[in-house]
Amino acid sequence: MSAVAAHAGERARKTGDFYCAQCSERVHAEQGEEIPRCPNGHTEFETRRHEPGDRS
Ligand SMILES: [Zn+2]
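Note that the coordinates shown come from a computational prediction; the quantities given were computed from them, not determined experimentally.

**Q** Any chance you could explain the coordination of the zinc ion here in plain terms?
**A** In an ideal octahedron of six donors the angles at the metal are 90 or 180 degrees, and in an ideal tetrahedron of four donors they are 109.5 degrees. Only C20 (SG), C23 (SG), C38 (SG) and H42 (ND1) from the protein coordinate the zinc ion, and they sit 2.0 to 2.3 Å from it. Seen from the zinc ion, its four donor atoms lie at angles of 100 to 118 degrees, and the figure they make is tetrahedral. Site description for the zinc ion: donor spacing in sequence, C-x2-C-x14-C-x3-H. Of this pair, C23 sits in the loop between strand 2 (16-20) and strand 3 (26-29) while C38 sits in the loop between strand 3 and strand 4 (44-47), placing them 15 residues apart in sequence. A relative accessible area of 31% places C23 in the partly exposed class.

**Q** I keep staring at the nonpolar core and nothing clicks. Help me out?
**A** Generally speaking, soluble globular proteins have nonpolar side chains that are buried together. Judged by nonpolar contacts, A6, A12, F18, C20, V27, A29, I35, C38 and F45 together constitute the single largest core of nine residues. Leaving out residues up to four positions away in the same chain, A6 has contacts with F18, I35, T43, E44 and F45.

**Q** Would you take a moment to explain the pairing of strand 3 for this structure?
**A** Side chains on a regular strand alternate between the two faces of the sheet. Burial along strand 3 is one-sided: V27 and A29 are buried, while R26 and H28, pointing the other way, are not. Pairing of strand 2 with strand 3 involves four bridges; the strand directions are antiparallel. Bridge assignment links Y19 to a residue of strand 3, and that residue is R26. Counted along the chain from strand 2 to the antiparallel partner strand 3, the turn is five residues long, and its residue S24 has a positive phi close to 70 degrees.

**Q** What am I meant to see in the pattern of salt bridges here?
**A** Here the idea is simple: oppositely charged side chains can pair when their charged atoms come close. Counting across every chain of the model gives two salt bridges. E34 is the partner of R11 in a salt bridge, and the nearest nitrogen-oxygen pair spans 4.0 Å. Of this pair, R11 sits in the loop between strand 1 (6-7) and strand 2 while E34 sits in the loop between strand 3 and strand 4, and the two are 23 residues apart along the sequence. Of the residues examined, E34 reaches a relative accessible area of 46% and is grouped as partly exposed.

Thresholds, definitions, all that
Residues numbered from 1 in each chain as written. Predicted model: local features only at pLDDT ≥ 70, side-chain atom pairs only at ≥ 80, totals over all residues. Heavy atoms only, no water. Donors = N, O, S within 2.8 Å, 3.2 Å for Na, K, Ca; no water. Tetrahedral: all angles 85-135°; square planar, octahedral: opposite > 155°, others 65-115°. Helix = DSSP H or I, 4+ residues; strand = E, 2+ residues; numbered from the N terminus. Buried < 20%, exposed > 50% of the residue type's maximum accessible area, 1.4 Å probe, protein only. Core = buried A, V, L, I, M, F, W, Y, C linked by side-chain atoms within 4.5 Å. Contact = heavy atoms within 4.5 Å. Pairing = 2+ DSSP bridges. Salt bridge = Lys/Arg side-chain N within 4 Å of Asp/Glu carboxyl O.

If you want it as structure tokens, here you go:
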């Protein structure tokens, strides 16, 4: 299950990190802000919640 959940230019429904569906690069967007493009130019993202082991 890796449905595309967001696209660059859309407003983020929640503050969080978005992972590029193409290359897994991560971008961050605040709730209500536009999701930026992946540094590699892709525009489709999957969202993931904070996973166990992510201790940033
Ligand atoms: Zn990418």
